[in-house]
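# Chain and residue survey
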Amino acid sequence: ACGMLYAVYLSTYHDRKFWFSTRQELEREITFQGGSGVYYYYYKRLIAAPSFERGFYELVVDNRTVSGQTINAVERLSLYPELITSFIYRVTGSQDFVEPIYFYIGAVLGLQAVYVTALFVCSWVMSGTWVAGMLAVAWYVINRADTTKVDHAIPLRDNWALPYFSWQVTALTGFLRNKIGSSTEMFCYLTMSATTFTFLLVWEHSHYVLFIQGFCLFLLDSFDLVPPRKMADIHKVYLSSLFLAYMFQFQNTALLSSPLLSLLIGSVLASENCFQLGVGPLVARVMKLFLHFYLVFTSGITYSYLVKVSHMGAGHLDFILKFLEVKFGLNTTTDFVPNFLLCQESFQTPGQDLFLRLTQASVLPFYFLVLAVCLLSALQAIYRRLSGQPLCKTYSLENGGIGEKPEVVYHVFHTMLFGGLALMKYLWTPYVCMFTAFGVCSPDLWMTVFKWLKLKSIHPVVLSLILSTAVPTIICFSLWREFSPRVLAELSELQEFYDGDTVELMSWIKSQAPVAAVFAGSPQLLGAVKLCSGSAVTSLPLYSDINLLKRTEDTYQVYAMRSAEDIYKLLTAQKTNYVIIEESICSELTINKGCRIKDLLDISNGHIVYDKGEIYSFSKYGRFCHEIKMNYSPYTNYFTRVFWNRSYHVYKVNSVISFQY
């Protein structure tokens with residue numbers, strides 16, 4: 001019920017925000033922001049193909065998207081969601097009663113219902129009460145701006161993949177529990193297998209997320225908190241899913257060199273050498289633990305290095321290492337691509353405004369409370385294991401040791417690693433909501449606190465049961481009173497979203513530009529150009545492909561201090577016919593100057609001058625995007641303006657240079 005209500009809420013909000021049902025097709029497609037429209041373009045292309053087989057072949061051998069290149073779009077852009085959705089649309093005969101765009105949006109919003117359902121179930125399984133699920137969903141919806149990107153960029157891979165990951169985490173949570181029947185354990189195992197494979201299939205970054213998860217499980221295994229049989233089963237899930245994803249993604253070498261596979265190989269080698277805690281004094285056990293860590297990481301890193309060098313080349317490995325060094329503050333670089341990636345929202349450390357919003361929704365204070373209790377209890381359990389003491393196999397409420405539950409320890413590691421590594425907030429925030437809801441609704445957590453306090457005046461079991469009901473009830477009531485009017489107001493208010501300049505640009509391209517024309521511009525804009533016109537482009541909004549990122553850097557030089565001749569050579573090398581200059585990038589004024597495109601280009605091109613602590617840009621050439629608007633030689637020799645409005649200037653790249661003075 002919560003999942004379906006959330007899907008209906010999202011659908012209504014989306015229609016109110018973009019006036020979606022009253023827009024023409026072109027205006028609807030422009031609402032796919034952030035470059036995400038390129039994914040919907042391929043869905044449209046599959047629907048328009050004479051047959052599904054023909055459409056699939058055209059995507060595998062695609063020479064109509066990136067100029068001068070034939071790419072496997074299914075592999076390069078992880079287009080299995082579009083393949084499956086278009087196939088279902090065809091075989092169900094949905095074209096007779098629903099438009100393709102509504103079917104596509106409905107599929108994504110339906111997955112968001114699956115997402116919140118999984119969070120509900122996970123919190124319920126851990127706490128033992130459905131109230132925790134209600135609270136988790138309430139916090140998720142209230143903090144929607146920090147939990148999902150579905151509001152503004154529906155086709156993004158995150159929105160397709162993260163619902164499967166949420167169910168994978170839920171199944172893993174159930175699988176790790178000590179009190180679980182054989183049939184339930186098998187159900188969790190099969191669910192975990194299916195969702196892990198699907199998650200790997202639909203998102204190119206999924207194996208990095210699963211690596212963090214695998215590392216959490218590696219810690220549980222190292223501290224002997226999970227039975228070896230269950231860890232062996234989880235390793236089978238990872239390995240089989242990686243193998244199947246590798247085959248379905250046309251032998252994707254990124255999966256062969258993934259850190260997840262490296263960790264699995266190291267763990268298997270370590271288990272073969274039997275570095276278990278065993279028996280002996282505390283010092284000996286700690287030494288065995290360090291040897292275990294050393295063997296796992298040295299063997300994993302060695303394997304990863306060999307695969308990257310043999311399959312991807314040293315250049316790819318150097319780029320990854322340089323990016324990681326800059327990301328974690330170990331080094332600095334003037335290269336455009338690493339700095340450009342670090343300026344993307346996905347790679348930036350969340351600001352204070354995120355924590356302020358979470359605090360206002362009351363989730364962050366309770367999160368720190370729950371995390372502190374669970375972490376201290378988990379450390380106690382780990383110390384007992386290192387000291388040779390067995391953990392309680394038959395857990396009861398009177399024991400008051402919530403940290404002895406392997407599923408709780410896993411989620412402690414999960415939320416700490418995802419938060420500490422400053423990864424995407426959309427990966428961390430939903431599980432903060434779920435984990436916090438579990439904690440405040442769990443009698444075990446309150447019992448653990450009372451056991452530490454040695455409470456005697458009131459029976460601790462009775463008090464923990466009372467608080468695990470009263471505290472979430474008070475929280476739910478306060479959230480309902482404060483945020484319910486705000487959430488309902490979002491549905492009643494008609495918002496105005498109309499990008500007239502972009503509509504005008506796309507209309508001109510469709511009506512005036514040749515069908516075979518190649519366009520250059522920012523990746524986000526090129527995604528919309530590809531969707532609305534079908535024209536070939538010089539690059540795509542895909543930040544996991546180094547070759548496309550290099551092409552993006554060359555295209556972005558129109559915002560640098562370069563000569564007209566230099567820009568002309570770069571654009572003609574990519575077979576560009578038209579270049580689109582965006583006023584928002586050329587005249588960008590932001591507080592964070594270090595992440596402006598023109599600043600990144602000036603740093604990369606060596607056009608930065610430091611004077612008395614101030615940074616200035618200097619070159620013998622003016623900034624190209626400003627100078628070309630002056631309409632004088634030598635710019636008019638190479639380029640001819642063919643369209644302009646307040647936001648965009650389109651220039652034709654002259655095939656024959658005309659020297660005018």
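Under an unreviewed UniProt entry, the name given to the chain is Dpy-19 like 4, and the source organism is Maylandia zebra. In its Subcellular location (unreviewed entry) section, the UniProt entry covering the chain states "Membrane". Annotation of the chain in UniProt includes, under Sequence similarities (unreviewed entry), the sentence "Belongs to the dpy-19 family."

For the rest of this paragraph, the subject is the state of the cysteines. Cysteine pairs can be linked by a disulfide, which is a covalent bond between their two sulfur atoms. Counted according to the given criterion, the structure contains two disulfides. Here cysteine 586 engages in a disulfide with cysteine 625; their sulfurs sit 2.1 Å apart. Linking cysteine 586 and cysteine 625, the disulfide has an S-S dihedral of approximately 85° and is accordingly described as right-handed. Taken together, the residues cysteine 586 in helix H29 (residues 583-586) and cysteine 625 in helix H31 (residues 624-627) connect sequence positions 39 residues apart.

Quick look at the domain arrangement of the chain now. A common way to state how big an interface is: give the accessible area lost once the parts meet. Its domain assignment divides the chain into domain 1 (109-331 + 347-489) and domain 2 (500-653). Taken together, the five residues of domain 1 in the interface contact five residues of domain 2. In total, domain 1 and domain 2 occlude about 380 Å² of area from one another, counting both sides; carbon and sulfur atoms represent 74% of this. The interface formed by domain 1 and domain 2 holds zero salt bridges in total. Linking domain 1 with domain 2 are zero residue pairs in polar contact (both at pLDDT 80 or more). Grouping the constituent residues of the side of domain 1 that touches domain 2 by class yields one nonpolar, three polar and one charged.

Counting across every chain of the model gives 43 aromatic pairs. Measuring from centroid to centroid gives 5.0 Å for tyrosine 568 and tyrosine 638, while their planes differ by 45°, and the two rings are tilted. A residue pair is termed long-range when its members are at least 10 positions apart, and tyrosine 568 in helix H28 (residues 564-573) and tyrosine 638 in helix H32 (residues 635-638) qualify at 70 residues. Overall, the relative accessible area of 9% leaves tyrosine 638 in the buried class. A cation over a ring is seen here: arginine 641 above tryptophan 644, with NZ or CZ 4.1 Å from the ring centre.

Pairing is mixed in the open sheet, where five strands are placed in the order S2-S1-S3-S7-S6. Single-partner strands in this sheet number two, and they are strand S2 (536-537) and strand S6 (639-644). Of the pairings in the sheet, the one linking S6 to strand S7 (residues 648-653) comprises five bridges and is antiparallel in character. Looking at the pairing, arginine 641 lines up with tyrosine 651 of S7. Its contacts with the sheet place helix H25 (residues 500-512) against strand S1 (518-520), strand S3 (578-582), S6 and S7, and it is angled at close to 25° to S7.

The next thing to look at is the UniProt feature "transmembrane region" (unreviewed entry) in the chain. In this numbering, the UniProt entry assigns the feature "transmembrane region" (unreviewed entry) to residues 101-118, 124-142, 186-203, 238-269, 289-307, 364-383, 426-446 and 458-480. Secondary structure over residues 186-203 splits into 94% helix and 0% strand, and the C-alpha atoms at its two ends are 26 Å apart. Taken end to end, residues 289-307 is 100% helix and 0% strand, and its two terminal C-alpha atoms sit 27 Å from one another.

Its volume calculated, the second largest pocket comes out at about 700 Å³. Val137, Ala138, Val141, Trp480 and Val487 are, among the 19 residues lining the second largest pocket, the residues nearest its centre. Among the secondary structure elements, those contributing two or more residues to the lining of the second largest pocket are helix H1 (2-18), helix H8 (130-142) and helix H24 (460-492). The leading source of residues in the lining of the second largest pocket is H24, at eight residues. Within the lining of the second largest pocket, the residues separate by chemical class into 18 nonpolar, one polar and no charged.

What counts, and where the lines are drawn
Residues numbered from 1 in each chain as written. Predicted model: local features only at pLDDT ≥ 70, side-chain atom pairs only at ≥ 80, totals over all residues. Heavy atoms only, no water. UniProt positions renumbered as here; feature names shortened; annotations may be inferred. Disulfide = S-S within 2.5 Å. Helix = DSSP H or I, 4+ residues; strand = E, 2+ residues; numbered from the N terminus. Domains from an automatic or database assignment. Contact = heavy atoms within 4.5 Å. Buried area = accessible area lost by both parts, 1.4 Å probe. Salt bridge = Lys/Arg side-chain N within 4 Å of Asp/Glu carboxyl O. Polar contact = N/O pair within 3.5 Å; in protein donor to acceptor, adjacent residues only side chain to side chain. Nonpolar A, V, L, I, M, F, W, Y, C, P; charged D, E, K, R; others polar. Phe/Tyr/Trp six-rings, centres within 6.5 Å; stacked < 30°, edge-to-face > 60°. Buried < 20%, exposed > 50% of the residue type's maximum accessible area, 1.4 Å probe, protein only. Lys NZ or Arg CZ within 6 Å of the ring centre and 35° of its normal. Pairing = 2+ DSSP bridges. Axes fitted to C-alpha atoms, helices over the stretch in contact; angles between N-to-C directions. 1 Å grid on protein atoms, 1.4 Å probe; cavity = no way out; pocket = protein on both sides within 12 Å on 5 of 7 lines; lining within 4 Å. Points joined across faces, edges and corners; volume = space filled by probe spheres on them.

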